[in-house]
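# Observations on the three-dimensional arrangement
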Amino acid sequence: MTREEIRAAVLRTLGEIAPEADPATLAPDVPFRDQLDLDSMDHLNFVIALHAALQVEIPEADYPRLATLDACVDYLAAAAPGRH
Amino acid sequence: MIWLAEENLRRPVPDRLLYGVLLIKAVALALRDVPELNAVWRGSEPVRSEAVHVGVAISLRGGGLVAPALHDTAGTSLGDLMRGFRDLVQRARSGGLRSSELSDPTITVTSLGEQGVESAFGIIFPPQVAIVGFGKIVERPWVVDGQVVARPVVTATLSADHRVSDGHRGGLFLAAVDRLLQEPGRL
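I will try to describe carefully the structure that is included in this document. All residue numbers refer to positions counted from 1 along the written sequence of the respective chain. Note on labels: chains are lettered from A, ligands numbered from 1, in written order. Since the coordinates come from a predicted model, pLDDT governs what is reported: local features require at least 70, and pairs of side-chain atoms require 80 or more to be given and counted, while whole-chain, interface and lining totals use all residues.

Attention now goes to the overall build of chain B. For chain B, the helix and strand inventory stands at five helices and eleven strands. Against the 2.2 N^0.38 benchmark of 16 Å for 187 residues, chain B shows a C-alpha radius of gyration of 16 Å, consistent with a compact globule. Overall, the C-alpha framework of chain B stretches about 55 × 40 × 30 Å when taken along its three principal axes. Counting other C-beta atoms within 10 Å of its own, a residue is labelled buried from 20 upward, exposed at 12 or fewer, and partly exposed in the gap between, with every C-beta atom placed from the backbone. Evaluated residue by residue, chain B yields a buried proportion of 34% over its 187 residues. Contact between two residues is assigned whenever their backbone-derived C-beta positions fall within 7 Å. The contacts of chain B with a sequence gap of at least 6 include a subset with a gap of at least 24, amounting to 55%. Put simply, DSSP marks the helices as runs of H or I at least four residues long and the strands as runs of E at least two long, and each gets a number from the N terminus on. As a reference, a globule follows 2.2 Å times the number of residues to the power 0.38, and the radius of gyration itself is taken over C-alpha atoms.

What follows is the structure in C-alpha cells.
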C-alpha cells in the first residue's frame, strides 16, 4: 500500500466518523480536533476503523501521533506491515 | 489513569475503554450508598428505581444534545458498558435511538472535560432527581504522604432535587464516587 493509498484510507475513515469532513478543505498539518467536531469517542472509533482497514496495531500511547492527516500517513506508513 | 492505560494495553483495539465509562460506572455504583438519587417523579411522588439506568449526555453533530440510558449500568461489566456506550453514541448521532432509551434514565451523567471545562454544573433532566457533572482532567499539586506531587484531578459536581435529598447525602454520594474511582479495578 502506497502513502497515497494510506492517505485515501485515512480520509475515507474520517468521512465515516465525521461526515462533515471535507477532504478538499482539510489542512493536512493542522490537528483534526481543531478542524472537526471530534470527541474521544470519535477518536476511538477512528483508531478502531484504521486498525480494521489497515491491520495496524495502534497502541494508546501513540494516539498523539494520529493528530493530523500528515502525521497519520507518516505513522501508518511506518507501522503497516510490508508497505510502501 | 495509569490503571486505564495498563488495562487498555491488555485489550484488543475494538475493546478499549474510554475514561468516561469509568465515570459512568462509578456513578452507578455510588448510588448504592445514596439510593434516593436514583429516582424519577411520578406525579407528585419521587419513586426510587431498583435498577440504575444512567443517562449519558451526548452532543449531536450540527447541535443539540440527548441523554439516552445505558440500561442496568451498575450490573454491567466495563467491557459491555463500553460496547453499549459506543453503540449508543453511534445511534444517537445517526438518529437511531429508541424512545425508551430517552425515557428510561434514572440519573444523568454529563462530562464537559473535552470542551475544556473544569467544572460542569448540570441541570436536572425531569422527571429525574439528580445529575452528575464531570470536568476535564487537570494536573494539580497534591499532597501524598507529606509530599507534594502532581496528580491528575477531575472535579465532580452533583445537582440534586432537595425534595428528595440534601447536601449531606449529596456529599456522601460524591465521596462514594471518589472512593470508587480510586479503585478502578473494582468497577
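Before going further, it helps to spend a moment on the overall build of chain A. A tally of helices and strands in chain A yields four helices and zero strands. For chain A, whose C-alpha radius of gyration is 12 Å, the value lies close to the compact-globule estimate of 12 Å for 84 residues. Each principal axis of the C-alpha distribution contributes one length, and for chain A these read about 35 × 25 × 20 Å. Across chain A, every contact between residues at least 6 apart in sequence was considered, and the portion connecting residues at least 24 apart equals 61%.

The subject of this paragraph is the interface of chain A and chain B. Contact residues are listed per partner, giving eleven residues for chain A and eleven residues for chain B. Polar here means any residue outside two lists: the nonpolar Ala, Val, Leu, Ile, Met, Phe, Trp, Tyr, Cys and Pro, and the charged Asp, Glu, Lys and Arg; Gly therefore counts as polar. Taken together, the residues that form the side of chain A that touches chain B break down as five nonpolar, two polar and four charged.

A separate point is the nonpolar core. Residue and element names in this part refer to chain B. Of all hydrophobic cores here, the largest spans 61 residues; its most connected members are Val21, Ile24, Val27, Leu37, Val54 and Val56. Looking at which element gives the most residues to this core, the answer is helix α2 (residues 19-30), with eight residues. If near-sequence neighbours (up to four positions away) are discounted, Leu37 is found in contact with Leu31, Ile107, Val129, Ala130, Ala160, Ser165 and Phe173. As used throughout, a nonpolar core is a set of buried Ala, Val, Leu, Ile, Met, Phe, Trp, Tyr and Cys residues joined through C-beta atoms within 7 Å of each other.

So, about unusual backbone geometry. All names here are of chain B. Following Pro126, the chain continues into Pro127 via a peptide bond in cis, with omega recorded as 5°. Positive phi, normally seen in glycine, also occurs at Asp72, with a value near 45°. Its location among the elements puts Asp72 in the loop between β6 (69-70) and α3 (78-93). Unlike most non-glycine residues, Asp145 shows phi in positive territory, near 50°. Mapping Asp145 onto the fold places it in the loop between β9 (138-144) and β10 (147-153).

All names here are of chain B. At least two DSSP bridges between two strands are required for those strands to pair. An order of β6-β3-β7-β8-β11 is seen for the five strands of this open sheet, with the pairing classed as mixed. Of all strands in the sheet, those bounded by a partner on one side alone are β6 and β11 (156-160). In this sheet, β6 lies alongside strand β3 (residues 54-56) in antiparallel orientation, the contact comprising two bridges. Directly across from Gly55, in β6, lies its bridge partner Ala69. Across the sheet, α2 lies against β3, β6, β7 (107-111) and β8 (130-134), angled at about 150° from β7, the strand it touches most. Structural elements are reduced to axes, namely lines fitted to C-alpha atoms, with helices fitted over the stretch in contact, and the angle between N-to-C directions of any two is expressed from 0 to 180 degrees.

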